[in-house]
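Each chain, letter by letter, is given below.
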Amino acid sequence: DTAVSQTPKYLVTQMGNDKSIKCEQNLGHDTMYWYKQDSKKFLKIMFSYNNKELIINETVPNRFSPKSPDKAHLNLHINSLELGDSAVYFCASSLTQRDNARFFGPGTRLTVL
Amino acid sequence: GENVEQHPSTLSVQEGDSAVIKCTYSDSASNYFPWYKQELGKRPQLIIDIRSNVGEKKDQRIAVTLNKTAKHFSLHITETQPEDSAVYFCAASQRDDKIIFGKGTRLHILP
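Residues numbered from 1 in each chain as written. Chains lettered and ligands numbered in written order. Predicted model: local features only at pLDDT ≥ 70, side-chain atom pairs only at ≥ 80, totals over all residues. Heavy atoms only, no water.

**Student:** So what exactly am I meant to see when it comes to the interface of chain A and chain B here?
**Tutor:** Accessible area lost upon the coming together of the parts is a frequently used measure of interface size. Listed by partner, the interface residues are 21 residues for chain A and 19 residues for chain B. Roughly 1900 Å² is buried in total at the junction of chain A and chain B, and carbon and sulfur atoms are behind 53% of that figure. In this assembly, chain A and chain B are joined by one salt bridge. Salt-bridge contacts for K98 of chain B lead to E58 of chain A; the nearest nitrogen and oxygen are separated by 2.9 Å. The interface formed by chain A and chain B includes five residue pairs in polar contact (both at pLDDT 80 or more). Listing elements by their share of the side of chain A that touches chain B, those giving two or more residues are β4 (31-37) and β6 (53-57) of chain A. Looking at the side of chain A that touches chain B element by element, the count peaks at three residues for β4 of chain A. Residue composition of the side of chain A that touches chain B, by class: 11 nonpolar, four polar and six charged. (Contact = heavy atoms within 4.5 Å. Buried area = accessible area lost by both parts, 1.4 Å probe. Salt bridge = Lys/Arg side-chain N within 4 Å of Asp/Glu carboxyl O. Polar contact = N/O pair within 3.5 Å; in protein donor to acceptor, adjacent residues only side chain to side chain. Helix = DSSP H or I, 4+ residues; strand = E, 2+ residues; numbered from the N terminus. Nonpolar A, V, L, I, M, F, W, Y, C, P; charged D, E, K, R; others polar.)

Below is the structure:
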């Protein structure tokens, strides 16, 4: 199956913990993204990587650290989780940095208690 | 930076009727306008897009129109069906690596 996949699908954790979300795409795309969707369904870009290099960082707290070991993977590590971090996090990819069409992963619902 | 406004936030239409969702954007440099559909609990998926050199684009029951002068664009769904129920997002892009999304429209198709 060619797709964008991410794990885990659900993540429930306590405030103050550190957690990671993994994302992989086997579409051969160059560019990958992390989006946050809050309870009001607002989709906001967090990070963008092109061929493993960071190109967008939308004033996300430095508790969030993306890592791209290769262009097919973009993982998101979050330190010292806060209640306001609860959201659905979507990974996405696009063919190139200049290609606008986004292919989204299935999302990770993060709940911070 | 770019700002995308989307209306209405919720829309209910009778099955078989048409639905129209409208968006405005602020930056005249924006040149790409995609629409995404997100079903309940699922991922957003691109359903149609339009570039600024085109005024209208149609794909079966969905169409998008763009008015560059007024800086607004709209999604039209005709002969609505139950499976059209979802949240729809418009978006605008002025740079090829950054897309700004509207806040979404929750569309309910009534039986």
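**Student:** Help me out: how do you make sense of the pattern of salt bridges in this one?
**Tutor:** Opposite charge on two side chains lets them pair, provided their charged atoms get close. One pass over the full model with this rule turns up seven salt bridges over all chains. Here K71 of chain A ties to D30 of chain A by a salt bridge, and the two come within 2.7 Å at their closest N and O atoms. On the criterion of sequence distance, the pair formed by K71 of chain A in the loop between β7 (64-70) and β8 (73-78) and D30 of chain A in the loop between β3 (19-25) and β4 is long-range, its members being 41 residues apart. Ionic pairing is found between E39 of chain B and K37 of chain B, a salt bridge with its closest N-O pair at 3.5 Å. Here the residues in one salt-bridge network are R63, E82 and D85 of chain A, joined through shared partners.

**Student:** I tried to follow the state of the cysteines on my own but got confused; where do I start?
**Tutor:** Any covalent bond linking the sulfur atoms of two cysteines counts as a disulfide. Residue and element names in this part refer to chain B. This model, assessed by the stated rule, comprises two disulfides over all chains. Here C23 is linked by a disulfide to C90, with a sulfur-sulfur distance of 2.0 Å. An S-S torsion of about -100 degrees defines the bridge between C23 and C90 as left-handed. Pair noted here: C23 is in strand β3 (residues 19-25) and C90 is in strand β9 (residues 86-95), with a separation of 67 residues, a long-range link. On the basis of relative accessibility, which here comes to 1%, the residue C23 falls in the buried class. The exposure class assigned to C90 is buried, which follows from its relative accessible area of 0%. (Disulfide = S-S within 2.5 Å. Buried < 20%, exposed > 50% of the residue type's maximum accessible area, 1.4 Å probe, protein only.)

Scope: geometric values only; no functional claims are made or implied.
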